[in-house]
Amino acid sequence: MAVEENTVQAPAPTDVGAAPAEPVVVEAGPAPVVPATAATLSVEPVGAATLGATYEVGRYPVAPGYRVYVRNGPGTSYGVIRLMPYGAIVPIYCQKAGERVTGPYGSSNLWDCIANGEFVSDAYVHTGSDGYVATRCA
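Scoring rules and cut-offs
- Residues numbered from 1 in each chain as written.
- Predicted model: local features only at pLDDT ≥ 70, side-chain atom pairs only at ≥ 80, totals over all residues.
- Heavy atoms only, no water.
- Phe/Tyr/Trp six-rings, centres within 6.5 Å; stacked < 30°, edge-to-face > 60°.
- Helix = DSSP H or I, 4+ residues; strand = E, 2+ residues; numbered from the N terminus.
- Buried < 20%, exposed > 50% of the residue type's maximum accessible area, 1.4 Å probe, protein only.
- Lys NZ or Arg CZ within 6 Å of the ring centre and 35° of its normal.
- Pairing = 2+ DSSP bridges.
- Contact = heavy atoms within 4.5 Å.

Chemist: Please provide a residue-by-residue account of the packing of aromatic side chains, values included.
Modeler: According to the stated counting rule, one finds one aromatic pair in the structure shown. Taking 5.5 Å as the distance between ring centres and 70° as the angle between the ring planes, the aromatic pair formed by Tyr66 and Tyr124 counts as edge-to-face. Taken together, the residues span a long stretch of sequence, with Tyr66 in strand E5 (residues 66-67) and Tyr124 in the segment after strand E11 (118-121) at a distance of 58 residues. Here the two residues Tyr66 and Tyr124 agree in accessibility, since each one is buried. A cation sits over an aromatic face here: Arg67 above Tyr86, 5.6 Å from the ring centre. Against the face of Tyr132 rests Arg136, its NZ or CZ located 3.8 Å from the ring centre.

Structure follows, in structure tokens:
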């Protein structure tokens, strides 16, 4: 069981009266991997991105106070593509089993595909479920 050592937790706020920072929405880069059929979501997603007329993708928040690395495969041994900003909200096009990681939402071997060839550990994404919320990646 690995802990995603490449996450950065936000420092504790110093100004108690300060307004919270606006969340940062991360848009998918290259063309996404889109399953042939729509996923049935077991929770209400934060928002939805519509691809074409028939497929809607759920968007979910990354754990507050964490910056999570986006990797090119479902495990910490895969290369890092980029670091997500604090407050990121990600689309989940499909999910794939991979290396088990422990994060703020428990321990999971699920990895969320947020764009073509781009994965983040589901243990750092608030989907409201311990299981699949999107179709399995091919």
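Chemist: Any chance you could break down the pairing of strand E10 (residues 106-115) for me, citing the residues and the numbers?
Modeler: Of all ten residues in E10, seven are buried; the element is thus mostly enclosed. Pairing between strand E9 (residues 94-103) and E10: seven bridges, direction antiparallel. Residue pairing in the sheet places Cys94 in a bridge with Cys113 of E10. If you look at the hairpin formed by E9 and E10, you'll find two residues sitting between the two strands.

Chemist: Outline the environment of Gly98, listing residues and values.
Modeler: Take Gly98: it is sitting in strand E9. With a relative accessible area of 29%, Gly98 lands in the partly exposed category. Considering only alpha carbons, one finds Gly98 and Trp111, 13 residues apart in sequence, at a separation of 6.5 Å. With near-sequence residues (within four places) excluded, Gly98 lies in contact with Pro74, Asn109 and Trp111.

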